[in-house]
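Overview (structure and organization)
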Amino acid sequence: QVQLVESGGGLVQAGGSLRVSCAASGRTFSTMAWFRQAPGKEREFIATIIWSAGSTYYADSVKGRFTIARDKAKNTVYLQMNGLKPEDTAVYYCACRIGIGVPRSESAYDYWGQGIQVTVSS
């Protein structure tokens, strides 16, 4: 079992920045990812990181604006979001995968956080 707890969401103006965090506890895992779900839309992949190597992968919609990073000592993954737009408004979820790989499908991830709201005002 892995427990994931997100923090750091909130309200920010367009063009601003926000960092969300996800603290993990429990068994070891190979990959952490961030997804988001806007009202009336399906959950979408944002970014993923290989825990051991730190390699990162991004969705085209956030590439160059968002950065995923991890602190292995704190067992925490971060999502730094810059240049936020109103369309980035969503509930953001962290997820982890036990097996090797960097999938972009939510079904490939084994454990999920409870989600945290990020709202970008225009």
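You'll find the structure just up there.
Below: a short report on this structure. (Residues numbered from 1 in each chain as written. Predicted model: local features only at pLDDT ≥ 70, side-chain atom pairs only at ≥ 80, totals over all residues. Heavy atoms only, no water.)

Focus: the state of the cysteines
- Scanning the entire structure with this criterion turns up one disulfide.
- Each disulfide pairs two cysteine sulfurs, and for cysteine 22 the partner residue is cysteine 94, the sulfurs being separated by 2.0 Å. Linking cysteine 22 and cysteine 94, the disulfide has an S-S dihedral of approximately 55° and is accordingly described as right-handed. Of this pair, cysteine 22 sits in strand E3 (residues 18-26) while cysteine 94 sits in strand E9 (residues 90-97), placing them 72 residues apart in sequence. Both residues of the pair, cysteine 22 and cysteine 94, belong to the buried class.
- Between cysteine 96, a cysteine without a disulfide, and cysteine 94, which holds the nearest cysteine sulfur, the sulfur-to-sulfur distance is 8.0 Å. (Disulfide = S-S within 2.5 Å. Helix = DSSP H or I, 4+ residues; strand = E, 2+ residues; numbered from the N terminus. Buried < 20%, exposed > 50% of the residue type's maximum accessible area, 1.4 Å probe, protein only.)

Thoughts on the environment of threonine 89
- Its location among the elements puts threonine 89 in the loop between strand E8 (76-81) and E9.
- Note on threonine 89: relative accessible area 19%, which makes it buried.
- Each C-alpha atom of the pair threonine 89 and asparagine 75 lies 26 Å from the other, and the pair is 14 residues apart in sequence.
- Polar contacts involving the side chain of threonine 89 include one to the main-chain carbonyl oxygen of proline 86, which spans 2.9 Å.
- Within the structure, threonine 89 has its side chain in polar contact with the backbone nitrogen of valine 120 (distance 2.9 Å). (Polar contact = N/O pair within 3.5 Å; in protein donor to acceptor, adjacent residues only side chain to side chain.)

Quick look at the pattern of salt bridges
- Following the criterion strictly, the structure yields five salt bridges and no others.
- Aspartate 88 serves as the salt-bridge partner of arginine 36, at 2.8 Å between the closest nitrogen and oxygen. Residue arginine 36 is found in strand E4 (residues 31-37), and its partner aspartate 88 is found in the loop between E8 and E9; the two are separated by 52 residues along the sequence. The burial state of arginine 36 is the same as that of aspartate 88; both residues are buried.
- One continuous salt-bridge network, built from bridges that share partners, spans Arg36, Glu44, Arg65 and Asp88. (Salt bridge = Lys/Arg side-chain N within 4 Å of Asp/Glu carboxyl O.)

Quick notes on the packing of aromatic side chains
- Enumeration over the complete set of coordinates arrives at five aromatic pairs.
- Judged by centre distance (5.0 Å) and plane angle (55°), the ring pair of phenylalanine 35 and tryptophan 112 falls under tilted. Residue phenylalanine 35 is located in strand E4, and its partner tryptophan 112 is located in strand E10 (residues 111-112); the two are separated by 77 residues in the primary sequence.
- Take phenylalanine 35: its relative accessible area is 1%, and that puts it in the buried class.
- A residue is classified by how much of its surface remains accessible, and tryptophan 112, at 26% relative accessible area, is partly exposed.
- When the centroid spacing of 6.4 Å and the interplanar angle of 75° are considered together, the rings of tyrosine 93 and tryptophan 112 count as edge-to-face. Here the residue tyrosine 93 occupies a position in strand E9, and tryptophan 112 occupies one in strand E10, the gap between them amounting to 19 residues. (Phe/Tyr/Trp six-rings, centres within 6.5 Å; stacked < 30°, edge-to-face > 60°.)

A closer look at the sheet that holds strand E1 (residues 2-7)
- On the basis of which strands lie adjacent, the open sheet formed by four strands has the order E1-E3-E8-E7 and antiparallel pairing. Each end of this open sheet is capped by a strand with a single partner; those strands are E1 and strand E7 (66-71). Going from strand to strand, the sheet's axes swing by 20° on average, the running direction of each strand aside.
- Note: E1 against E3, six bridges, orientation antiparallel. Of the residues in E3, the one forming a bridge with valine 2 is glycine 26. (Pairing = 2+ DSSP bridges. Axes fitted to C-alpha atoms, helices over the stretch in contact; angles between N-to-C directions.)

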